[in-house]
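# Descriptive structure summary
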Amino acid sequence: MRTFIAFRIDTDNPDEFLTKGIERIRKHYYESIDKNVNYTEKIIRYKNIGAVIFDLEDSPLLWKDVYEENNFALITYAPPTNWKRYCNSKDIKKAPGELLNYLVNNPHKSHGFSAPTCFATLDKSQEELNIYTDAMGFSRLYEYRGENGWFWSNRAGALPLLAGEKAEINKDGWSNLCAAGWFIGNNSPIENVIRIDQGIRVNISSDINQPRKLLDDGSFSNLVSSRPKESIDYENIAEDMKFNLDSFRNLWNLPLIVDLSGGKDSRICSAAVISSGATDVEFRTVANYDEEVNVAHRLLKKIGLENKHLIVNPIAGNDSGKVIKRSIEDRMKLFFHSTDGDCTPAVVQNNITEKSLYTYSTKLKIAGPIGAAAKPLYYNTEKRVEKLERLGNDAALERLKQSYFKYDSVRPEIQNKTIESISAVLQKGRSYGLRKLELLDYFFIADRGRRWTPQNNHIDRYSVFFSNVFLSEAMNLTIDERLNNEFFKGINEYLVPEWHGEAYFKQSTEFDERSHKKMRLWQTSDKEGIEEILNNPDIWNEYFDEEKLIKLWEDAKNDVLGAYTDASEKLFYRVMMIAHYQDYLKRVNHHISK
């Protein structure tokens, strides 16, 4: 659990204000769950501006979190994963100093840091602080304008704690979560806590009469703007993936564990790792579907790595075969403590322990988020393309409404708020010159993709699709290129030619294998916890229609949902989250009220 905080304090007594604020953050994040956590705390400050880094003492990150030289300092939460492009020596020990010098000598250059990236520089001679993010805004950075200053953090809950101001629920943000499944645009779970946009540098002067500035160096525009091309340069994409992967590995020097399913995304992640020559690696397949496990096994057997295949099976807690999980209440407390609520329903269905919050993994996890940036995610058939193209510039919004508003149990006013949030994202896409179906591809990179959890809450997890070359090439694909699947095949064949011709796994629509394995929410120990929530509608009926939601639950238990089984399961996890979020805010505000 790593925490980054930056500040400009506008009071006459910044010493006392900062001391009290940091103490509240310390007590909430590092002493309220486990009082025996060994952590470090470093503060770099000049007058009323500066930054703080909390980290665990046993952090395996080799990059120095604080580096100082003359009048300059570099305070790093997440170092750029393509750091070797800016550091000539390629030496991890020298890299923080080299990056700092690069920034000092190139103050106005478009940097194009790849995800995840978040760090700050302090210039005492100019009395200013700058906070840098990656080009696609994947690494979290939130902002809060308090009564006594400006505050920034990778943790939404840290901001009211530092400001000493009561944390309130952001109803617009939670409308997004309940209706679509994530916090859209710059929404966060907490009122007045704003998610910083992509590719932004925050510039802060110590002069309280000067506004903070959000500076756009054009790096995000470089990702999403279309450009002329003659052909797809698979070599350039694959080599950039490998270069960034190598840079990321050098930040940690830990063995790798790579997700390998039967699909496109994880196959390229695995292929990049194999092509890089990494040997200290294990390939992990979750046994949701038997044929998916078989596909992964065949791929590894073709290159003689089947002995490095780890198959993870759901574990039942008793003879009934029902999957036993920690209670919903306990899980929500820990997940919200880790993410401040900015996570997705796919995350909270899993188990979690107190220990996992305060330990780094002994292996670097490589998975496939953002790969969908190159897929026809919202228009997967020629027939659908024809229908959407007839809608012109209304196509993107209409298709997203079809994709995300599948439940009549979500109140209409909650869906309408979310449609407004989606419309705002699409309007920004138009400002980059994008039109019609291009806006759907933009929407994934600009919003849905960058909110992908749990990866964007962990700096020790990585996807080879964080490559800026991949993202810019993906945005430049034609509709036909997305539909024919040649893009993924071309990258894969460059990386691991032996996998040519191996078919991808396709989930059967005739047989619900996950339900057969008793893995659905209503078949697990979560059933009792959800029913307790449903019996207390006052904690969720602002967002959901009581009668329709309870009817949906009965249909789920009776196995009559059919094609809507997956979607309905995710909906109940959203109900779980909103039902417990006020409890989290009470825990935050407990420190403030004291």
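Report on the accompanying structure.

Reading guide: rules and limits
Residues numbered from 1 in each chain as written. Predicted model: local features only at pLDDT ≥ 70, side-chain atom pairs only at ≥ 80, totals over all residues. Heavy atoms only, no water. Helix = DSSP H or I, 4+ residues; strand = E, 2+ residues; numbered from the N terminus. Buried < 20%, exposed > 50% of the residue type's maximum accessible area, 1.4 Å probe, protein only. Polar contact = N/O pair within 3.5 Å; in protein donor to acceptor, adjacent residues only side chain to side chain. Contact = heavy atoms within 4.5 Å. Pairing = 2+ DSSP bridges. Axes fitted to C-alpha atoms, helices over the stretch in contact; angles between N-to-C directions. Phe/Tyr/Trp six-rings, centres within 6.5 Å; stacked < 30°, edge-to-face > 60°. 1 Å grid on protein atoms, 1.4 Å probe; cavity = no way out; pocket = protein on both sides within 12 Å on 5 of 7 lines; lining within 4 Å. Points joined across faces, edges and corners; volume = space filled by probe spheres on them. Nonpolar A, V, L, I, M, F, W, Y, C, P; charged D, E, K, R; others polar. Core = buried A, V, L, I, M, F, W, Y, C linked by side-chain atoms within 4.5 Å. Patch = residues over 30% accessible without salt bridge, like charges linked within 9 Å, V, L, I, M, F, W, Y side chains within 5 Å. Areas by Shrake-Rupley, 256 points an atom, 1.4 Å probe, with all protein chains shown as cover. Salt bridge = Lys/Arg side-chain N within 4 Å of Asp/Glu carboxyl O. Lys, Arg positive; Asp, Glu negative; His and termini not counted. Charge placed at Lys NZ, Arg CZ, Asp CG, Glu CD. Disulfide = S-S within 2.5 Å.

## Some words on the side chain of Thr-81
- You can see Thr-81 is positioned in the loop between strand 5 (72-78) and helix 2 (95-105).
- Judged by its relative accessible area of 1%, Thr-81 is buried.
- Among the polar contacts made by the side chain of Thr-81, one reaches the side chain of Ser-114 at a distance of 2.7 Å.
- Ignoring anything within four residues of it in the chain, the contact list for Thr-81 reads Ser-114, Ala-115, Pro-116, Thr-117, Asn-244, Ser-247, Phe-248 and Tyr-462.

## Remarks on the sheet that holds strand 9 (residues 149-153)
- Overall, antiparallel pairing links the 6 strands, which are arranged 2-3-1-9-8-10 in an open sheet. Each edge of the sheet is formed by a strand with only one pairing partner; in this case those strands are strand 2 (39-46) and strand 10 (193-195). Taking the axes of each pair of neighbouring strands and ignoring which way they run, one obtains an average angle of 20° across the sheet.
- The pairing of strand 2 with strand 3 (residues 49-56) spans 8 bridges and is classified as antiparallel.

## Topic: the packing of aromatic side chains
- Applying the stated criterion across every chain yields a total of 37 aromatic pairs.
- Ring geometry for Phe-113 versus Tyr-132: centroids 6.3 Å apart, planes at 85°, classification edge-to-face. Linking Phe-113 in the loop between helix 2 and strand 6 (118-123) with Tyr-132 in strand 7 (residues 128-133), this pair joins segments that are 19 residues apart in sequence.
- When its relative accessible area of 2% is taken as the criterion, Phe-113 is described as buried.

## Observations concerning empty space enclosed by the protein
- Going through the model one piece at a time under the given rule, you end up with 2 cavities of 30 Å³ or more.
- Considered as a void within the structure, the largest cavity measures approximately 40 Å³ in volume.
- No other element matches the 3 residues that helix 6 (residues 234-252) contributes to the lining of the largest cavity.
- Broken down by class, the residue content of the lining of the largest cavity amounts to 8 nonpolar, 1 polar and no charged.
- Approximately 40 Å³ is the volume attributed to the second largest cavity.
- Ala-372, Ala-373, Lys-375, Leu-377, Tyr-378, Leu-440, Asp-441, Phe-444 and Arg-482 together form the lining of the second largest cavity.
- Considering each element in turn, the lining of the second largest cavity owes the most residues, 3 residues, to helix 15 (residues 438-448).
- Tallied by class, residues from the lining of the second largest cavity come to 6 nonpolar, no polar and 3 charged.

## Quick notes on the nonpolar core
- Among the nonpolar cores identified, the biggest contains 195 residues, and Phe-4, Ile-75, Leu-99, Ile-131, Trp-174, Phe-470 and Phe-544 are the most heavily contacted of them.
- Look past the residues within four positions of Ile-131 in its chain and what remains in contact with it is Phe-4, Ala-6, Cys-118, Phe-119, Ala-120, Leu-141, Trp-152, Ile-200, Arg-201, Val-202 and Ile-204.

## Re the sheet that holds strand 16 (residues 364-366)
- Across the sheet, 5 strands lie side by side as 15-14-13-16-17; this open sheet has parallel pairing. Each edge of the open sheet carries a strand with a single partner, namely strand 15 (309-312) and strand 17 (461-462).
- Of the strand pairs in this sheet, strand 13 (residues 256-259) and strand 14 (residues 281-286) are connected by 4 bridges, and their pairing is parallel. Counted as the bridge partner of Asp-259 is Arg-284 from strand 14.
- On the sheet, helix 7 (residues 264-275) packs against strand 13, strand 14 and strand 16 and is oriented at approximately 150° with respect to strand 13.

## A few points about the packing of helix 6 against helix 16 (residues 468-475)
- For the pair helix 6 and helix 16, the least separation of the axes is 8 Å and the interaxial angle reads 145°. Facing Asn-236, Ile-237, Asp-240 and Met-241 of helix 6, the residues of helix 16 in contact are Asn-468, Val-469, Phe-470 and Glu-473.

## Details of a negative patch on the surface
- A cluster of like negative charges, contributed by Glu-382, Glu-386, Glu-389 and Asp-480, occupies part of the molecular surface.
- It is helix 12 (residues 382-389) that provides the largest number of residues to the negative patch, a total of 3 residues.
- Mapped onto the elements, Glu-386 comes out in helix 12.

## Focus: the pairing of strand 13
- The alternating pattern of strand 13 places Leu-256 and Val-258 on one face and Ile-257 and Asp-259 on the opposite face, and all of these are buried.
- Of the strand pairs in this sheet, strand 13 and strand 16 are connected by 3 bridges, and their pairing is parallel. Paired with Ile-257 across the bridge in strand 16 is Lys-365.

## Description of the state of the cysteines
- With the rule as written, the count across this model stands at 0 disulfides.
- Take Cys-87: it sits in no disulfide, and the sulfur closest to it among the cysteines is that of Cys-118, at 17 Å.
- Cys-87 sits in the buried class, given a relative accessible area of 0%.

## Some remarks on helix 16
- Among the 8 residues of helix 16, 8 are classified as buried, and the element is accordingly described as predominantly covered.
- Burial in helix 16 covers these residues: Asn-468, Val-469, Phe-470, Leu-471, Ser-472, Glu-473, Ala-474 and Met-475.
- In this fold, the buried residues of helix 16 make contact with helix 5 (219-224), helix 6, helix 15, helix 17 (479-483) and helix 18 (486-495).
- Of the residues that open helix 16, the one with a side-chain oxygen 3.3 Å from the backbone nitrogen of Val-469 is Ser-467.

## Observations regarding the pattern of salt bridges
- Summed over all chains, the structure comprises 40 salt bridges.
- The closest approach of N and O atoms between Arg-85 and Asp-240, which form a salt bridge, is 2.5 Å. Linking Arg-85 in the loop between strand 5 and helix 2 with Asp-240 in helix 6, this pair joins segments that are 155 residues apart in sequence.
- By relative accessible area, Arg-85 is classed as partly exposed at 44%.
- Its relative accessible area of 7% is what places Asp-240 among the buried residues.
- In this structure, the salt-bridge partner of Glu-354 is Arg-326, at a minimum N-O distance of 2.7 Å. Residue Glu-354 is located in helix 11 (residues 354-357), and its partner Arg-326 is located in the loop between strand 15 and helix 9 (328-339); the two are separated by 28 residues in the primary sequence.
- Looking at Glu-354, the relative accessible area reads 30%, which means it is partly exposed.
- Within this structure, Arg-2, Lys-42, Asp-55 and Asp-65 form a network of salt bridges that share partners.

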